[in-house]
Amino acid sequence: MIAPIEALDARVLEYLFAARTAGGVELFTGITAWSEWTIILPAAAAIAAASYLAARRQEVIGMLVSVFGSALAVLILKYAIARPRPPVSFWAIQETGPSFPSAHAALAVAFWGFIAYVIYRNTKNHAVRIGAIAAATLISLLVGFSRLYLGVHYVSDVLAGFFVGAIFLFVGIIAARRPRA
């Protein structure tokens, strides 16, 4: 008997494959790049360095915990679980490594979520605060959907990635809120 999540994984994969267009592949290949580890990790390090120079030490710790903690946890989980990706015949782009959890989804939540937190913390403008949260949420959802649309992840991979990213975002925010010693 197939578990309900496995049935959902298969149905979504097949549906999006059947609905895929060349324009959609181009669009979602661009969106998925918003959370490539080769972009997110150096960007997080650069933002942490800028925060350090601006004497915002707690934001440095929060960013590093959120993003690098999330990346490390995903790497450990990917190789501990070693779930294969969907069949190559579904892929619109080339990928390597295990499927579960989605690193793109985790890094989207951890990085863009922490950026939204920093904006929220450092501005009093309600519209800017809400806009930052909305933008981070939208980017994360689009990145997660892009992984499904491109056929390189299952729904359960993306949901697990969101969960890992959210855990480390939460821990990063706690670290950033700790009073300075």
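Everything below is about the structure shown above.
Our subject in this report is the structure included herewith. As the structure is a computational prediction, the values presented were derived from the model and not from experiment.

## Some words on the pattern of salt bridges
Tallying each qualifying case throughout the model produces five salt bridges. The partner of Glu 59 in a salt bridge is Arg 56, and the shortest N-O contact between them spans 3.3 Å. Assessed through its relative accessible area of 5%, Glu 59 is described here as buried.

## Observations concerning unusual backbone geometry
Cis geometry is adopted by the peptide bond preceding Pro 101, which originates at Phe 100 and carries an omega value of -5°. If you check the backbone angles, Ala 55 has positive phi at about 60° while not being a glycine. Following the sequence through the fold, Ala 55 ends up in the loop between helix H3 (37-53) and helix H4 (57-81). Overall, the relative accessible area of 45% leaves Ala 55 in the partly exposed class. Non-glycine residue Ala 82 carries a positive phi angle of around 55°. You can see Ala 82 is positioned in the loop between H4 and helix H5 (103-122).

## Remarks on the packing of aromatic side chains
Under the defined criterion, the tally for this structure stands at six aromatic pairs. When the ring of Phe 114 is compared with that of Tyr 117, the centres are 5.4 Å apart and the planes differ by 45°; the resulting orientation is tilted. Taken together, the residues Phe 114 and Tyr 117, both in helix H5 and three residues apart, mark about one turn of the helix. With a relative accessible area of 1%, Phe 114 lands in the buried category. Accessibility expressed as a relative area gives 10% for Tyr 117, which makes it buried. Three or more aromatic residues joined by ring pairs form one cluster here, namely Phe 28, Phe 145 and Tyr 149. Sitting over the face of the ring of Tyr 52, Arg 57 holds its NZ or CZ atom 4.0 Å from the ring centroid.

## Focus on the layout of surface pockets
Of the pockets and cavities examined, the largest pocket occupies roughly 370 Å³. Residue lining of the largest pocket: 20 residues in total, with Trp 37, Val 74, Leu 75, Lys 78 and Ala 103 positioned closest to the centre. Secondary-structure elements contributing two or more residues to the lining of the largest pocket are H3, H4 and H5. By residue number, the principal contributor to the lining of the largest pocket is H4, which donates six residues. The class makeup of the residues in the lining of the largest pocket is 10 nonpolar, five polar and five charged. A volume near 190 Å³ is recorded for the second largest pocket. In this structure, the second largest pocket is lined by Val 109, Gly 113, Ala 116, Tyr 117, Tyr 120, Ile 133, Ala 136, Thr 137, Ser 140, Leu 141, Leu 169 and Ile 173.

## Topic: the packing of helix H2 (residues 22-32) against helix H6 (residues 126-149)
The N-to-C vectors of H2 and H6 enclose an angle of 130°; their axes lie 9 Å apart at closest approach. Considering the angle they form, H2 stands oblique to H6. Handedness of the H2/H6 crossing: left-handed. Residues Gly 24, Val 25, Phe 28, Ile 31 and Thr 32 of H2 lie in contact with H6, whose contacting residues are Leu 142, Val 143, Phe 145, Ser 146, Arg 147 and Tyr 149. Each residue belonging to the contact of H2 with H6 can be placed in one class, and the counts come to seven nonpolar, three polar and one charged.

Parameters and conventions
- Residues numbered from 1 in each chain as written.
- Predicted model: local features only at pLDDT ≥ 70, side-chain atom pairs only at ≥ 80, totals over all residues.
- Heavy atoms only, no water.
- Salt bridge = Lys/Arg side-chain N within 4 Å of Asp/Glu carboxyl O.
- Buried < 20%, exposed > 50% of the residue type's maximum accessible area, 1.4 Å probe, protein only.
- Helix = DSSP H or I, 4+ residues; strand = E, 2+ residues; numbered from the N terminus.
- Phe/Tyr/Trp six-rings, centres within 6.5 Å; stacked < 30°, edge-to-face > 60°.
- Lys NZ or Arg CZ within 6 Å of the ring centre and 35° of its normal.
- 1 Å grid on protein atoms, 1.4 Å probe; cavity = no way out; pocket = protein on both sides within 12 Å on 5 of 7 lines; lining within 4 Å.
- Points joined across faces, edges and corners; volume = space filled by probe spheres on them.
- Nonpolar A, V, L, I, M, F, W, Y, C, P; charged D, E, K, R; others polar.
- Axes fitted to C-alpha atoms, helices over the stretch in contact; angles between N-to-C directions.
- Parallel < 35°, antiparallel > 145°, perpendicular 65-115°, else oblique.
- Left-handed = near helix turned anticlockwise from the far one by under 90°.
- Contact = heavy atoms within 4.5 Å.

Functional significance is not addressed by these values, which are geometric in nature.
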